[in-house]
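Each chain, written out:
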Amino acid sequence: MPKTIRNQFDKYLTYEKLMEAHLKCQKGKKNRNNVIKFNLKKEDYVWWLYKELKDRTYKHGKYVAFYVYEPKKRKIEAARYIDRVVHRWLVDTFLEPAFLPQFIENTYACIPGRGMHKAAKDLQKAMRECKRVYGEYYILKMDVSKYFPSIDKIILKNIIERKIKDKDILWLIDQTIYGGRNDTGIPIGNLSSQLFANLYYNEADQFIKHKLKIKYYFRYMDDSVILMKDKTELKQVKYEIEKFIWENLKLKFNKKTNIFKSKQGVNFCRL
């Protein structure tokens, strides 16, 4: 992938690529009503979608909102199925190739080949190493308050535009970020939102790893953990991160963010 992306939209916009995106979207969901209806005329729908994108007349539809209560109350916003096909094409074709190489090794959410199990395994390995090297050590468990609803779309667009210069891809990203909703933040539930949220907090990842030079740092979306020997130093690190994410990302930690002694441990699977 080149340093910046230009003039790529029409090159990768094909009927075949959109059909491939549909086939990926329907995996594990073939029995859902919206997928069944789409499949009844999938060739027509994909051809229509191709024409809409080709002519730049595509408009993202409205979301259907509902709440889930496990592990905590969250508002989920479901896009139309045809919009999810667009999200898949956008993410697979442009967003993942452009941005995944920028992510640090120790961020795990919604990244192929990583995930919760690898996060827990890597953190446990680091905790054993800290116990062996330091004896007693301290754990900073960080949690961003209302992360997805707090993401600033202007800041997000500025981050995206460092890499993507293609005006047509940016047009489609605007449809994805702004289309179908008028409130702040980005919707929980979109494939594209997962990548945008990872990209947004990657700014903090880079600061923590390269500016603060923290060795034991692990993140799963907006939840993260730092292991350090010295509590006073860890308090200063916490302050520096809080300052950075507010000044650069307009984010705040919630009350769950705290420092623990190593013997108290931390259940990363609940992050």
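Presented here is an overview of the structure given in this document. (Residues numbered from 1 in each chain as written. Predicted model: local features only at pLDDT ≥ 70, side-chain atom pairs only at ≥ 80, totals over all residues. Heavy atoms only, no water.)

**Digging into the pattern of salt bridges**
Heads up, the rule is: Criterion for a salt bridge: a side-chain nitrogen of Lys or Arg within 4 Å of a carboxyl oxygen of Asp or Glu. Numbering goes from the N terminus for both helices and strands, where a helix is a DSSP run of H or I of at least four residues and a strand is a run of E of at least two. Note on exposure labels: buried denotes an accessible area under 20% of the residue type's maximum, exposed denotes more than 50%, and partly exposed covers the range between, all computed with a 1.4 Å probe on protein chains only.
Using the criterion set out here, one finds 17 salt bridges in the structure. In this structure, Glu 129 and Lys 215 form a salt bridge, with 3.5 Å as the shortest nitrogen-oxygen distance. Within this pair, whereas Glu 129 is found in helix 6 (residues 116-134), its partner Lys 215 is found in the loop between helix 10 (191-211) and strand 4 (216-220), the two being separated by 86 residues in sequence. Residue classification places Glu 129 among the partly exposed residues on the basis of a relative accessible area of 22%. For Lys 215, a relative accessible area of 57% translates into the label exposed. Through salt bridges with shared partners, one network takes in Asp 10, Lys 54, Arg 56, Lys 167 and Asp 168.

**Things to note about the packing of aromatic side chains**
Note the threshold: We call Phe, Tyr and Trp rings a pair once their centres come within 6.5 Å, taking the six-membered ring for Trp, and we label the pair stacked below 30 degrees between planes, edge-to-face above 60, and tilted otherwise. As a reminder, the over-ring test applies to NZ of lysine and CZ of arginine, requiring each to be within 6 Å of the ring centre and within 35 degrees of the ring normal.
Counted by the stated rule, this structure contains 11 aromatic pairs. With a centroid separation of 5.0 Å and an interplanar angle of 20°, the aromatic rings of Phe 38 and Tyr 45 are classed as stacked. On the basis of relative accessibility, which here comes to 34%, the residue Tyr 45 falls in the partly exposed class. On the numbers, 5.3 Å between centres and 25° between planes, the contact of Trp 47 with Tyr 50 is stacked. One end of the pair is Trp 47 and the other is Tyr 50, both in helix 4 (residues 42-54) and three residues apart, which spans about a single turn. The partly exposed category is assigned to Trp 47, whose relative accessible area is 47%. A residue is classified by how much of its surface remains accessible, and Tyr 50, at 15% relative accessible area, is buried. These aromatic residues form a ring-pair network of at least three members: Phe 9, Tyr 12, Trp 89, Phe 94 and Trp 171. Above the plane of the ring of Tyr 67 lies Lys 73, whose end atom (NZ or CZ) is 4.9 Å from the centre. Of note, Lys 252 hangs over the ring of Trp 246, and the distance from its end group to the ring centre comes to 5.2 Å.

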